[in-house]
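Spelled out from the first residue to the last, the chains are:
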Amino acid sequence: MNWIICPFLDNWDLTAAAAEDCLRQSIPTRLLLIDNGSSPEVRAACHQFVIDQQQELESSRVMSWHHNPPMPSLSATWNRALKFVWEAGGEQALVVNNDLRIVPQTYEWLLEVQRRRDSYFVSGTGVTEEQFTTWDRTFDLDGDPAGPDFSCFLITREGHTKYPFDQRFIPAYFEDNQLVRQMWLAG
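Residues numbered from 1 in each chain as written. Predicted model: local features only at pLDDT ≥ 70, side-chain atom pairs only at ≥ 80, totals over all residues. Heavy atoms only, no water.

K.L.:
Explain the side chain of Arg61 to me, please; I cannot follow it from the model alone.
P.N.:
When you line up the elements, Arg61 lands in the loop between α2 (40-57) and β3 (62-66). At 8.3 Å, Glu56 is the nearest oppositely charged side chain to Arg61, a buried residue that forms no salt bridge. Of note is the side chain of Arg61, whose polar atom sits 3.2 Å from the backbone oxygen of Leu23. Among the polar contacts made by the side chain of Arg61, one reaches the main-chain carbonyl oxygen of Thr29 at a distance of 2.7 Å. Those residues in contact with Arg61 that sit more than four places away from it in its chain are Leu23, Thr29, Arg30 and Leu31. (Helix = DSSP H or I, 4+ residues; strand = E, 2+ residues; numbered from the N terminus. Buried < 20%, exposed > 50% of the residue type's maximum accessible area, 1.4 Å probe, protein only. Lys, Arg positive; Asp, Glu negative; His and termini not counted. Salt bridge = Lys/Arg side-chain N within 4 Å of Asp/Glu carboxyl O. Polar contact = N/O pair within 3.5 Å; in protein donor to acceptor, adjacent residues only side chain to side chain. Contact = heavy atoms within 4.5 Å.)

Take a look at the structure:
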């Protein structure tokens, strides 16, 4: 199964839209929503979303974790979720921010780029709302990478095992830049 990890803190309307996009991917996915200290109202909305999706999809493709108090850093959240995915037999995971929209082919395209380049890490690139709504559904899988965008990235088990996120960046949220530097320096 192809896992998607989506951490969030409040902003349920954005999170719900992102979660729906995650469930509409062109390949089968399981979604792990990670509440990192939201209000009781948002926790309740997330819980109801999981129940509704399980009934609608007739499966347990959606699950949620609630951390209150929150995890100490985003990298701690990512590392814990990725460890769970690896223990569940996953070989890669798509990690998305809760404030973005992704087209149905996002996971499939990033997986194809990862396979073609034999990469540990592949990132999607952000686009404007206008670009998203007028997306022409074409994509150059062999084109030059546009650079990392940590709002949407695919990471492999092997890559994460070799380069876990550094949890010392509290609360600076610099772990994404540190990982790119670490991988770049290692070749």
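Read on for the rest.
K.L.:
Hey, could you run me through the pattern of salt bridges in this one?
P.N.:
Any two side chains of opposite charge can pair if their charged atoms end up close together. In total, this model carries 6 salt bridges according to the counting rule given. With a closest N to O distance of 2.6 Å, Asp21 and Arg101 form a salt bridge. Pair noted here: Asp21 is in helix α1 (residues 12-23) and Arg101 is in the loop between β4 (92-96) and α4 (106-117), with a separation of 80 residues, a long-range link. With a shortest N-O distance of 2.8 Å, Glu112 and Arg116 are connected by a salt bridge. With Glu112 and Arg116 both in helix α4 and 4 residues apart, the pair spans about one turn of that helix. Looking at Arg116, the relative accessible area reads 45%, which means it is partly exposed. In this structure, a network of salt bridges that share partners links the residues Glu20, Asp21, Arg24 and Arg101.

K.L.:
Explain unusual backbone geometry to me, please; I cannot follow it from the model alone.
P.N.:
Glycine aside, the phi torsion of most residues is negative, and most peptide linkages are trans. Cis geometry is adopted by the peptide bond preceding Pro69, which originates at Asn68 and carries an omega value of 15°. Along the polypeptide, Pro69 turns up in the loop between β3 and α3 (74-87).

K.L.:
Explain α4 to me, please; I cannot follow it from the model alone.
P.N.:
Structurally, the α-helix is built with 3.6 residues per turn, so residues lying three or four positions apart point the same way. End to end, α4 covers 17 Å across 12 residues, agreeing with the expected 16 Å (1.5 Å per residue, within 8%). Listed in full, the buried residues belonging to α4 are Thr106, Tyr107, Trp109, Leu110, Leu111, Val113 and Gln114. Tucked into the core, α4 has its buried residues touching β1 (2-8), β2 (29-35), β4, β5 (121-123) and β6 (152-156). Positioned one or two residues after α4, Asp118 has a phi angle of 50°, which is positive. (Expected span 1.5 Å × (residues − 1).)

K.L.:
Is there a simple way to think about the sheet that holds β4 in this case?
P.N.:
The strands that make up a sheet are held in pairs by hydrogen bonds between backbone atoms, and each pair lies either parallel or antiparallel. As summarised here, the arrangement of the 6 strands in space is β3-β2-β1-β4-β6-β5, forming an open sheet in which the pairing is mixed. Here the strands that pair on one side only, and so sit at the sheet edges, are β3 and β5. For this sheet, the mean angle separating the axes of adjacent strands, direction not counted, is 20°. On top of the sheet, α3 reaches β1, β2, β3, β4 and β6; it is set at about 155° to β1, its chief contact. Relative to the sheet, α4 contacts β1, β2, β4, β5 and β6, its axis offset from that of β6 by approximately 45°. (Pairing = 2+ DSSP bridges. Axes fitted to C-alpha atoms, helices over the stretch in contact; angles between N-to-C directions.)

K.L.:
Looking at this model, I keep getting lost on the nonpolar core. Mind explaining?
P.N.:
Across soluble globular proteins, you tend to see nonpolar side chains buried next to one another. In terms of nonpolar packing, the biggest core is built from 27 residues, with Trp12, Leu31, Leu33, Leu94 and Val96 touching the most fellow members. At the level of elements, β1, α1, β2, α2, β4, α4 and β6 are the ones that each hand at least two residues to this core. At 5 residues, α1 tops the list of elements feeding residues into this core. Among residues more than four places away in sequence, those in contact with Leu33 are Cys6, Phe8, Trp12, Thr15, Ala19, Cys46, Phe49, Val62, Met63, Ser64 and Trp65. (Core = buried A, V, L, I, M, F, W, Y, C linked by side-chain atoms within 4.5 Å.)

K.L.:
Even after reading the chapter, I still don't get the state of the cysteines, so can you show me in this structure?
P.N.:
Where two cysteines share a covalent bond between their sulfur atoms, that bond is called a disulfide. Enumeration according to the criterion identifies 0 disulfides in this entry. The thiol sulfur of Cys46 is not disulfide-bonded, and the nearest other cysteine sulfur, from Cys6, lies at 9.3 Å. Left unpaired, Cys152 is separated from the closest cysteine sulfur, that of Cys22, by 8.1 Å. For Cys152, a relative accessible area of 6% corresponds to the buried category. (Disulfide = S-S within 2.5 Å.)

K.L.:
I keep staring at the side chain of Thr29 and nothing clicks. Help me out?
P.N.:
Summarising the element assignment, Thr29 is placed in strand β2. A distance of 3.2 Å separates a polar side-chain atom of Thr29 from the backbone oxygen of Cys22. Here Thr29 is in contact with Met1, Asn2, Ile4, Cys22, Leu23, Arg61 and Tyr107, once residues within four sequence places are set aside.

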